[in-house]
Amino acid sequence: MNRKEFRDLASPAAAREAIDSLSLEGGIERVSLEEARGRVLVARLDAELDVPGFDRASLDGYALRARDTFGADEADPARLDLVGEVHAGEEPDVSLEEGQAVEISTGAVMPDGADAMVPVERTDTASDGETVLIRTSVAPGDNVMFAGADVAAGERALGPGTQITPRDIGLLSALGIDEVPVRAKPRVGIVSTGDELVRPGDELESARGEIYDVNSYTIAAGVEDAGGEAVLYPHAGDEAEEMEEILRTAADECDLVLSSGSTSASAVDVIYRVIEEQGELLLHGVSVKPGKPMLIGRLDSSAYVGLPGYPVSAMMVFRTFVAPAIREAAGKPEPASATVSGRLARQERYEEGRHRLMPVGLVENGEGETLVYPVDKGSGATTSLADADGVVEVGPETDYLEEGEPVTVTLFSPDVRPPTLFGVGEDDPTFSRVLDGLERPRYLSVGSRPGLRRLREGVPDVAVAAGPLEYDLEATELCRWEREWGLVVRAGNPDELEGLADLIDRDLRFVNRTTDSGLRSSLGAAIADLAEERGTERHDLVDAIDGFDLGLRAHESPARKVIAGDADAGLGLRETAERLDLGFISLGEQPVRVLANPDRIEKEGVKELERAISDVSSAQR
């Protein structure tokens, strides 16, 4: 089967034009007030009654005729006869005449003959209980809300296009309106493709290459946020008939179908065939990074957009091209555009000649200026967007951005703020506990060596480095501690490992950490010492260890390989072994250092870190 190749890549403007040509509107529906918040009215609503529907007292006090109080003051109060009382929710059974007053509650109907009221604080009751002394004068209408003062019958209440807020629901309730005509939410069918996908919550078999489905849930959340109704369909595997059936069903039931993935030859051919048989392919491939493998077309009466399979690419394409179309169909206004200006923290090269949507993070330097740094772990890394604050758009003509170059960041939401502390470096459980005590930190576990390199570049506030690492950079050491490292083995140590020599001399499976890790540095130093002791070369001992070159990034990952039975021993920490109920062979202790950018020492987030470290250290003593 011949794989469908990309046609000439369309420009971002052409992709927007193609999506705009699709009809996503779902029509009109009537919803109850309980379901109305956030929906968009399609017709004007006029008041059909006065609000309030009667003249009512604004305060607790006495209803009376204003002219009976003229000239009254503290020294010479007016004396009026009490002839009754009126409470809220009651119909008055008295009509006032000259020289009379009625005790009245807030919100109660004003009795006939009364045109004003006096708050109780400005009155006294005579000893006989039948006379009230009024110690102030009032004018007609004082302290009274007249019928229709809030909303008058026939008055325009809410207009078409109004996005209903809790305040609007209060108004509609006051008018007695229990349901409203609104734009129907566009129904958006979401189809994730690939035999390797598993729903979160189901059991994952990593040995088969299975991964949890990220796109279905992130895209569904984006659809709901944009004003659409997300409909999740079962995963479409790579088998042609199954994929075709799900796509056709989604097209029959939804206004828009979004698929993600479909990068295999068979999958692309199925999608092409379904679109060509039931609709029209408008576009295949957009000159944008990430997001080149994008499809736009029609399936029967439904619109169709094929998103890339990698989570970062899928969400960037959705946010840039699809979400605006859903908002327009739902009648929701564009969200408040929030941008931040800053300077690029380090140089960035890009030579692919496509429009680039570059995820970036924000950090403030010691002077409070905003620095912008690229966050790019690759399109397949789910955390790239979680670690980012916004996007910088780079035109296809730009292949180089200088350090310090001014850039404009479009934030993912208006309430995004730079982290109080930005740190990078070693994955360490003690430092993780320290971060728990901070207000709004961001920490990227990139490893000790990359952490030191980024600190040298001047981007983060702090870097955490572990092991016997030498570093040539200006940095202020905030603190250090020791952690015990060694070999993590199965509970009870059934293979009876005693030390590093067992990995070399026996047939055991080992799992290492990546070369960026401080643990890997300590292991390398220990092997070098053992080689010297044996009078041999270091690389000979390394070659003898089965699995030495298999390096995992996180500090718990080797231990979990041991639990799964994929290894007899893994490089790790005593703390990890104890937490996971595993055995441990100690190979020594290594220092963990927290190093600060010397220009950020006075930054409040760094000071907060120092206090938190002190608190954790005190608790451990």
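For the structure given in this document, a descriptive report is provided here. (Residues numbered from 1 in each chain as written. Predicted model: local features only at pLDDT ≥ 70, side-chain atom pairs only at ≥ 80, totals over all residues. Heavy atoms only, no water.)

### A word on the overall build of the protein chain
Regarding its fold elements, the protein chain presents 15 helices and 36 strands. Over its C-alpha trace the protein chain gives a radius of gyration of 35 Å, far above what one expects of a compact globule, namely 25 Å for 621 residues. In terms of overall dimensions, the protein chain has a C-alpha envelope of 120 × 70 × 50 Å along the principal axes. Buried residues in the protein chain amount to 50% of all 621 residues. Here the contacts in the protein chain between residues at least 6 apart in sequence split such that 71% fall between residues at least 24 apart. Accessible area for the protein chain stands at about 29300 Å²; split by element, carbon and sulfur atoms hold 44% of it. Between the averaged position of the 63 positive side-chain charges in the protein chain and that of its 120 negative side-chain charges there is a distance of 6 Å. (Helix = DSSP H or I, 4+ residues; strand = E, 2+ residues; numbered from the N terminus. Rg over C-alpha atoms; globule rule 2.2 N^0.38 Å. Buried < 20%, exposed > 50% of the residue type's maximum accessible area, 1.4 Å probe, protein only. Contact = heavy atoms within 4.5 Å. Areas by Shrake-Rupley, 256 points an atom, 1.4 Å probe, with all protein chains shown as cover. Lys, Arg positive; Asp, Glu negative; His and termini not counted. Charge placed at Lys NZ, Arg CZ, Asp CG, Glu CD.)

### Regarding the side chain of Glu556
Structurally, Glu556 is set in the loop between strand E34 (551-552) and helix H13 (557-563). When residues no more than four places from it in sequence are discounted, the contact partners of Glu556 are Thr576 and Arg579.

### What about the side chain of Ser260?
Checked against the element boundaries, Ser260 lands in strand E17 (residues 256-260). A polar contact of 3.3 Å, which involves the side chain of Ser260, links it to the side chain of Ser192. Apart from residues lying up to four places away in sequence, Ser260 is in contact with Val191, Ser192, Thr193, Asn215, Ile219, Leu307, Pro308 and Gly309. (Polar contact = N/O pair within 3.5 Å; in protein donor to acceptor, adjacent residues only side chain to side chain.)

### Here's the deal with the environment of Glu210
Residue position: Glu210 is located in the loop between strand E14 (197-198) and strand E15 (211-212). With relative accessibility at 13%, the residue Glu210 sits in the buried group.

### Focus: the packing of helix H3 (residues 215-226) against helix H6 (residues 311-330)
Packing of H3 against H6 leaves a shortest axis separation of 9 Å and a crossing angle of 25°. By the angle between their axes, H3 is roughly parallel relative to H6. Crossing hand, H3 versus H6: right-handed. Listed contacts from H6 to Asn215, Thr218, Ile219, Gly222, Val223 and Ala226 of H3 are Pro311, Ala314, Met315, Phe318, Ala323, Ile326, Arg327 and Ala330. Partitioning the contact of H3 with H6 into residue classes produces 10 nonpolar, 3 polar and 1 charged. (Axes fitted to C-alpha atoms, helices over the stretch in contact; angles between N-to-C directions. Parallel < 35°, antiparallel > 145°, perpendicular 65-115°, else oblique. Left-handed = near helix turned anticlockwise from the far one by under 90°. Nonpolar A, V, L, I, M, F, W, Y, C, P; charged D, E, K, R; others polar.)

### Re the nonpolar core
If you look at the biggest cluster of nonpolar residues, it comprises 38 residues, and the most contacted ones within it are Ile219, Val223, Leu256, Leu258, Phe318, Phe321 and Val322. Broken down by element, this core gets its largest block of residues, 12 residues, from H6. Discounting residues that sit within four places of it in the chain, Val322 has contacts with Ile19, Leu256, Leu258, Val305, Leu307 and Val317. Judged by nonpolar contacts, the second largest core, of 22 residues, contains Leu500, Leu523, Ala531 and Leu571. (Core = buried A, V, L, I, M, F, W, Y, C linked by side-chain atoms within 4.5 Å.)

### Points about H3
If you check H3, its first and last C-alpha atoms are 16 Å apart, about what 12 residues at 1.5 Å a residue would give, namely 16 Å. Of the residues making up H3, those classed as buried are Asn215, Ser216, Ile219, Ala220, Gly222, Val223 and Ala226. On an axial view of H3, the arc spanned by its buried residues comes to 160°, and they lie on one face. Buried-residue contacts for H3 involve strand E13 (187-192), strand E16 (229-232), E17, strand E21 (302-307) and H6. (Expected span 1.5 Å × (residues − 1). Arc of directions from axis to C-beta.)

### A look at a negative patch on the surface
Where like charges cluster on the molecular surface, the negative patch consists of Asp60, Glu85, Glu90, Glu91, Asp93, Glu103 and Glu121. Within the fold, Asp60 resides in the loop between strand E3 (56-57) and strand E4 (61-64). (Patch = residues over 30% accessible without salt bridge, like charges linked within 9 Å, V, L, I, M, F, W, Y side chains within 5 Å. Salt bridge = Lys/Arg side-chain N within 4 Å of Asp/Glu carboxyl O.)

### Brief notes about the packing of aromatic side chains
Scanning the entire structure with this criterion turns up 2 aromatic pairs. Taking the centre distance of 5.1 Å and the plane angle of 55° together, the rings of Phe431 and Tyr443 count as tilted. Note that Phe431 is positioned in helix H8 (residues 429-436) and Tyr443 in strand E30 (residues 441-444), a separation of 12 residues in sequence. (Phe/Tyr/Trp six-rings, centres within 6.5 Å; stacked < 30°, edge-to-face > 60°.)

### So, the pattern of salt bridges
Here the structure, examined in full by the defined rule, presents 34 salt bridges. A salt bridge links Asp213 to Arg199; its shortest N-O distance comes to 3.3 Å. Here Asp213, found in the loop between E15 and H3, pairs with Arg199, found in the loop between E14 and E15; they are 14 residues apart in sequence, far enough to count as distant. Just as Asp213 is buried, Arg199 falls in that class too. Two residues, Glu348 and Arg356, come together in a salt bridge whose shortest N-O distance is 3.1 Å. The two residues Glu348 and Arg356 agree in class, both being buried.

### Some thoughts on the environment of Asp546
By the secondary structure assignment, Asp546 is in the loop between helix H12 (538-544) and E34. Expressed as a C-alpha distance, the spacing of Asp546 and Leu508, which sit 38 residues apart in the sequence, is 6.6 Å. The residues contacting Asp546, other than those within four sequence positions of it, are Leu508, Arg509 and Phe510.

### Looking at the sheet that holds strand E6 (residues 100-104)
Paired through their backbone hydrogen bonds, the strands of a sheet run either parallel or antiparallel. The strand order E7-E4-E6-E5-E9-E8 describes an open sheet built from 6 strands, whose pairing is mixed. Strands at the two margins of the open sheet, each flanked by one partner only, are strand E7 (116-119) and strand E8 (123-125). Neighbour-to-neighbour, the strand axes of this sheet turn through a mean angle of 40°, independent of strand direction. As defined by bridge partners, strand E5 (residues 78-86) adjoins strand E9 (residues 131-134) across 4 bridges and the pair is classed as antiparallel. Residue pairing in the sheet places Leu80 in a bridge with Val132 of E9. (Pairing = 2+ DSSP bridges.)

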